Structure formats: C-alpha cells, structure tokens
Amino acid sequence: MIAPDRAKATDTVYAPLHDLAPFGDVVIERDFVYGDHPRHRLDVFSPKAVSPEKLPVLVFVHGGNFVAGQKHTEGSPFYDNVGAWAVRHGFIGVTISYRLAPAAQYPSGIEDLNAVVAWLRSNIGTLNGNPDHIVLMGASAGAIHVASYLAAAALDEAPVAGTILLSGLYDLTVVPRERVLDNYYGTKRDLAPVSPLPGLVQSAVPIMVVVTEMDPPEHQRQFLGLAQALLERNGQLPRMVYLAGHNHFSEVVHLGTDDEVLGTELASFVRGLGKETG
C-alpha cells in the first residue's frame with residue numbers, strides 16, 4: 001500500500017538510525033539554483049577529504065505522488081541520508097527538488113531533469129564531480145520522471161552514464177487510471193504517447209531496476225514488464241534487485257543504515273559504469 005500514513009510510519013522507524021547533518025566526513029552545499037522556479041534547487045554532498053580524481057555523481061530524484069516531496073526537510077535525516085551514503089561509497093551525492101503537480105504537469109519532470117543535468121555538466125566539475133559519469137536515481141514518481149527523461153532523449157544521445165529506477169511505473173497504458181496520474185498528466189490526456197516504456201527500452205543508457213517485497217502488485221508487474229521488454233530488446237536482462245523485507249518507502253530511507261543489500265548493488269552498478277564511460 002502506498003499512502004502518506006505508511007510513509008510517515010516508515011520514516012518514524014528509520015529516522016533514529018540516521019544522524020542529522022552536519023556530518024564530520026561529508027560537506028553539504030545546499031540550494032544551488034538550476035532553474036527559474038523556487039523549487040529548482042539542488043544540494044551537493046562531497047567528501048571532506050578531497051579526492052585527487054573526479055568522482056561519479058549520483059543524483060537522487062524523490063517521490064511523492066507527483067504532488068509532494070522535498071530534497072531536504074529541516075530536522076529530518078531524509079534525504080540527506082542518500083547524499084551522505086553516496087559520499088561514503090566513493091561518489092558525489094546530489095539531491096534535487098522539482099516542480100510539483102497539479103501546478104506543474106507533464107512534461108515538467110522531463111524539463112526539470114534536463115535543467116538538472118545541464119547544470120551538473122557545467123558546474124559539477126568544480127565540485128570534484130565527473131560530468132561524464134552522472135547517474136540518475138529516481139524513486140516512485142521520481143522513477144517515472146527519470147524514465148520519462150531518458151525516454152525523451154534522442155536515441156543517438158547518452159545524456160547520462162546510467163539510471164536507477166526504484167519502484168516506478170513505466171508502461172502507463174496498463175496502469176489503472178487514478179488521481180495520482182491525473183494530477184500530473186491531466187484527466188483528458190491519452191497516456192499511451194507519454195508512456196516512457198517504448199523510449200526507455202530503445203535507450204542505450206544502462207538501467208538498473210529495483211522493486212521491494214512489499215511494493216503493490218502493480219509496481220511488481222511493472223518491474224517484471226520493464227525487465228522483459230529490455231530482455232527482448234537487448235538479449236539480456238538489466239541489472240535487477242528484488243529487495244526483500246522492505247516496502248515502497250523503506251527502499252530509500254534505509255540507505256545509510258547497516259542494511260547494505262541494496263547499497264552494495266547500487267555502488268557496484270555506479271562504479272561499473274565507469275568502465276563503459278571511460
């Protein structure tokens with residue numbers, strides 16, 4: 001079940017397992033402006049000990065049913081936990097906020113991620129990040145934004161080094177039409193032309209796809225559907241993780257705890273992309 005009270009309950013369980021910023025080993029630079037809207041802001045997490053090499057950049061795109069969510073809330077460890085986790089595994093971490101529905105509707109997510117990637121390509125090098133090794137990681141609605149961004153890119157382009165999709169929806173033609181989708185896509189829009197699956201499958205950008213044991217059945221079907229489509233297109237499955245013992249929300253908020261099952265897979269995927277991007 002995906003509901004605000006379930007998210008709040010999950011946060012309550014995991015918040016005590018995290019420290020609050022500031023961190024002794026992580027430098028956080030907040031609220032870089034990547035666009036004109038007040039929510040066009042991003043935070044950059046980097047190691048206090050400067051690396052002699054430019055580091056891979058892991059960008060986290062939060063969920064929230066398109067209508068809620070924030071890169072950071074004062075007094076909460078979320079989603080600083082993702083940025084700090086990235087640094088402690090050898091990366092530059094970036095958390096972003098983006099425009100919310102219903103005021104901002106499709107294709108605002110694609111537009112915002114285009115602006116984020118453009119900003120990173122121009123600026124992350126001065127913050128010790130490698131602009132040629134940017135990985136987008138989206139959760140839930142954030143995963144749909146990342147998938148749609150990738151699907152909208154020209155087939156001969158590789159706008160980022162890789163993408164990680166956590167419990168998203170990819171084939172919108174088979175999803176029950178619910179208010180959560182109408183908030184972002186509108187009530188009258190045909191979802192077939194904006195469904196990310198066809199373009200996502202055509203992309204040459206490596207994809208890692210994740211689902212949890214307690215995700216709703218529709219999200220689990222979408223996980224399998226994307227994997228099947230990529231298998232048929234590429235002749236092999238993508239990097240896949242079925243995260244046992246977790247729900248739709250703990251998938252993200254547990255990062256940085258002693259539970260490293262997902263973290264190990266994430267780190268391996270991001271590092272491995274360096275071999276492909278040079």
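For the structure itself, consult the block above.
Being a predicted model, the structure only gives us computed values, none of them experimental.

Enquirer: Sorry, what's going on with the packing of aromatic side chains here?
Expert: We describe a pair of aromatic rings using the distance from one ring centre to the other and the angle between the two ring planes. A complete count under the given rule lists 8 aromatic pairs for this structure. Ring centres of Tyr184 and Tyr185 lie 4.8 Å apart, and the angle between their planes is 75 degrees; this geometry places the pair in the edge-to-face category. The two residues Tyr184 and Tyr185 agree in class, both being buried. By the ring-pair criterion, three or more aromatic residues cluster together here, those being Phe66, Tyr106, Tyr184 and Tyr185.

Enquirer: I would appreciate a short explanation of the nonpolar core in the present structure.
Expert: Nonpolar side chains tend toward joint burial in soluble globular proteins. If you look at the biggest cluster of nonpolar residues, it comprises 54 residues, and the most contacted ones within it are Val59, Val94, Ile96, Leu165, Tyr170, Tyr185 and Leu226. For this core, the element with the most residues is helix H4 (residues 141–152), which contributes 7 residues. Ignoring sequence-local partners within four residues, the contact set of Tyr185 consists of Phe66, Tyr106, Ile144, Ser148, Leu172, Leu191 and Val194.

Enquirer: Can you walk me through the pattern of salt bridges in this structure?
Expert: Any two side chains of opposite charge can pair, on the condition that their charged atoms come close. This structure, assessed with the given rule, holds 11 salt bridges. A salt bridge links Asp80 to Arg30, with the shortest nitrogen-to-oxygen separation between them at 2.7 Å. On the criterion of sequence distance, the pair formed by Asp80 in helix H2 (residues 80–88) and Arg30 in strand E1 (residues 26–33) is long-range, its members being 50 residues apart. Between Asp31 and Lys71 there is a salt bridge whose closest N-O contact spans 2.7 Å. Highlighted residues: Asp31 in strand E1 and Lys71 in the loop between strand E3 (55–61) and H2, separated in sequence by 40 residues. By relative accessible area, Asp31 is classed as partly exposed at 42%. Ionic contacts of the salt-bridge type, sharing partners, join the residues Arg30, Asp31, Asp43, Lys71 and Asp80 into one network.

Enquirer: For this particular structure, what's the right way to read the sheet that holds strand E2 (residues 41–47)?
Expert: Strand pairing in a sheet takes place through backbone hydrogen bonds and is either antiparallel or parallel in direction. Spatial strand order, E1-E2-E4-E3-E5-E6-E7-E8: 8 strands in an open sheet with mixed pairing. Edge strands, defined here as strands with exactly one partner in the open sheet, are E1 and strand E8 (239–243). Across the sheet, the mean angle separating the axes of adjacent strands is 20 degrees when strand polarity is ignored. Of the strands in this sheet, E1, E2, E3, strand E4 (92–96) and strand E5 (129–139) touch H2, which is tilted by about 35 degrees from E2. Across the sheet, H4 lies against E3, E5, strand E6 (162–166) and strand E7 (207–212), angled at about 130 degrees from E5, the strand it touches most.

Enquirer: Please explain unusual backbone geometry as it appears in this structure.
Expert: When glycine is set aside, most residues are seen to have a negative phi, and most peptide bonds are trans. Omega for the bond connecting Ala101 with Pro102 falls within 30 degrees of zero, at 5 degrees, which places this linkage in the cis form. Unusually for a residue other than glycine, Phe66 sits at a positive phi of about 75 degrees. Its location among the elements puts Phe66 in the loop between E3 and H2. For Phe66, a relative accessible area of 3% puts it in the buried group. Non-glycine residue Ser140 carries a positive phi angle of around 60 degrees. One can find Ser140 in the loop between E5 and H4. The exposure class of Ser140 is buried, given its relative accessible area of 14%.

Rules and cut-offs
Residues numbered from 1 in each chain as written. Predicted model: local features only at pLDDT ≥ 70, side-chain atom pairs only at ≥ 80, totals over all residues. Heavy atoms only, no water. Phe/Tyr/Trp six-rings, centres within 6.5 Å; stacked < 30°, edge-to-face > 60°. Buried < 20%, exposed > 50% of the residue type's maximum accessible area, 1.4 Å probe, protein only. Core = buried A, V, L, I, M, F, W, Y, C linked by side-chain atoms within 4.5 Å. Helix = DSSP H or I, 4+ residues; strand = E, 2+ residues; numbered from the N terminus. Contact = heavy atoms within 4.5 Å. Salt bridge = Lys/Arg side-chain N within 4 Å of Asp/Glu carboxyl O. Pairing = 2+ DSSP bridges. Axes fitted to C-alpha atoms, helices over the stretch in contact; angles between N-to-C directions.

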